[in-house]
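# Survey of secondary and tertiary structure
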Amino acid sequence: MPILIISDIHANLAAFEAVLADAEGQWDTIWCLGDIIGYGPNPNECVDLLRQYDHISLSGNHDWAVLGKLDINSFNDEAQTAVRWTQSVLREDVRTYMETLPTTLLKEPFTLVHASPRQPVWEYILDAYTAAVNFSYFDTTYCLVGHTHVPGAFQQENNHILVHQPDYRQPRTLSETRCIINPGSVGQPRDSDPRAAYALLDPETLTWEYRRVDYPIVQTQEQMNKIGMPEKLITRLAHGW
Ligand code: ZN
């Protein structure tokens, strides 16, 4: 049975529920690449829902910020507001769980990090150059990353990097050469496609499938409005940036 690969839920329960409904019965465990919270209106609910399933999860930069493990002055104003609000509502048991999450996991032949193998919590792999440098920082054939909120893959082929755009609902066998692969973001996509992103991975056949699914964006936006989240964070969900 495949693994449900998710990242950057960012406390968007409606998006997370839509992903789970779309993939229902098609996986038996979850690999979550971090940033479960931050930005969205449902941090406790999203952690509770994730914990109902067999899963492993990493900690991301927003998770660290909420836990006080990094200086939130490195965040923009809107993100800082979201972090402070999240800190104010996070239940103690949820915080305790989040404190246990690692920044790197090894699941041969996959290395899992939130951001990049070189800087597991911080670095954005958005271009072939940054990807090329990062291939020296992990030993497995594949590395799964989130953080950019942009799905796609970088493949190391001889001396160059091939950049792959996602082709949705087309299961494909992973290349035999090394790859850094990003499933995209469940709760705050940034590739101009507002639908929730995720992937399915069959670890036996090494088959990877990118997916997108619609979710009730307005529902999340209304909740964010009610708690007084910055307008920019509310608007961006409808546009996928
Ligand atoms: Zn994120």
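Each remark here, short or long, concerns the structure printed above.
If you're wondering where the values come from, they're calculated on a predicted model, not measured in any experiment.

## Concerning the packing of aromatic side chains
Per the stated rule, a full pass over the model turns up 6 aromatic pairs. Relative to Phe138, the ring of Phe135 has its centre 5.7 Å away and its plane inclined at 40°; by these criteria the two rings are tilted. You'll find Phe135 and Phe138 in the same group, each marked buried. Taken together, a centroid distance of 5.7 Å and an interplanar angle of 75° make the contact between Trp208 and Tyr210 edge-to-face. One exposure class covers both Trp208 and Tyr210, and it is buried. The rings of Trp31, Phe110 and Tyr142 are connected pair by pair, giving a single aromatic cluster. The residue whose ring lies beneath Arg178 is Phe138, and the NZ or CZ to ring-centre distance is 4.3 Å. Across the ring face of Tyr168, the terminal group of Arg195 is positioned such that the distance to the ring centre comes to 5.8 Å.

## What to know about the pairing of strand β11 (residues 196-202)
Most of β11 sits inside the fold, with 7 of its 7 residues counted as buried. Of the two faces of β11, the one holding Ala196, Tyr198, Leu200 and Asp202 and the one holding Ala197, Ala199 and Leu201 are both buried throughout. The pairing of strand β1 (residues 3-6) with β11 spans 3 bridges and is antiparallel. Its bridge partner being in β11, Ile5 is matched across the sheet by Ala199. Linking β11 to strand β12 (residues 207-213), which pair antiparallel, is a turn of 4 residues; within it Leu206 sits at a positive phi near 55°.

## Describing the sheet that holds strand β7 (residues 152-157)
The strand order β4-β5-β6-β10-β7-β8 describes an open sheet built from 6 strands, whose pairing is mixed. The outermost strands of the open sheet, each flanked by one partner alone, are β4 (104-107) and β8 (160-164). Strand-to-strand, the axes of this sheet are offset by a mean angle of 20°, without reference to chain direction.

## Notes on the pattern of salt bridges
Taken as a whole and assessed by the stated rule, the structure comprises 12 salt bridges. Here Arg211 and Asp22 are joined by a salt bridge, their closest N and O atoms 3.9 Å apart. Of the two residues, Arg211 is situated in strand β12 and Asp22 in helix α1 (residues 13-22); the sequence distance between them amounts to 189 residues. On the accessibility criterion, Arg211 (7% relative accessible area) is buried. The exposure class assigned to Asp22 is partly exposed, which follows from its relative accessible area of 23%. In this structure, Lys69 and Glu99 form a salt bridge, with 3.9 Å as the shortest nitrogen-oxygen distance. One end of the pair, Lys69, is in the loop between α3 (61-67) and α4 (77-89); the other, Glu99, is in helix α5 (residues 92-99), and 30 residues separate them in sequence. Residue class for Lys69 comes out partly exposed when judged on its relative accessible area of 35%. The partly exposed category is assigned to Glu99, whose relative accessible area is 36%.

## What about the coordination of the zinc ion?
Taken together, Asp8 (OD), His10 (NE2), Asp35 (OD) and His149 (NE2) make up the full set of protein donors to the zinc ion, lying 2.1 to 2.4 Å away. Of note is the zinc ion, whose 4 donor atoms meet at the metal with angles of 87 to 178° in an arrangement that counts as irregular.

Basis of the calculations
- Residues numbered from 1 in each chain as written.
- Predicted model: local features only at pLDDT ≥ 70, side-chain atom pairs only at ≥ 80, totals over all residues.
- Heavy atoms only, no water.
- Phe/Tyr/Trp six-rings, centres within 6.5 Å; stacked < 30°, edge-to-face > 60°.
- Buried < 20%, exposed > 50% of the residue type's maximum accessible area, 1.4 Å probe, protein only.
- Lys NZ or Arg CZ within 6 Å of the ring centre and 35° of its normal.
- Helix = DSSP H or I, 4+ residues; strand = E, 2+ residues; numbered from the N terminus.
- Pairing = 2+ DSSP bridges.
- Axes fitted to C-alpha atoms, helices over the stretch in contact; angles between N-to-C directions.
- Salt bridge = Lys/Arg side-chain N within 4 Å of Asp/Glu carboxyl O.
- Donors = N, O, S within 2.8 Å, 3.2 Å for Na, K, Ca; no water.
- Tetrahedral: all angles 85-135°; square planar, octahedral: opposite > 155°, others 65-115°.

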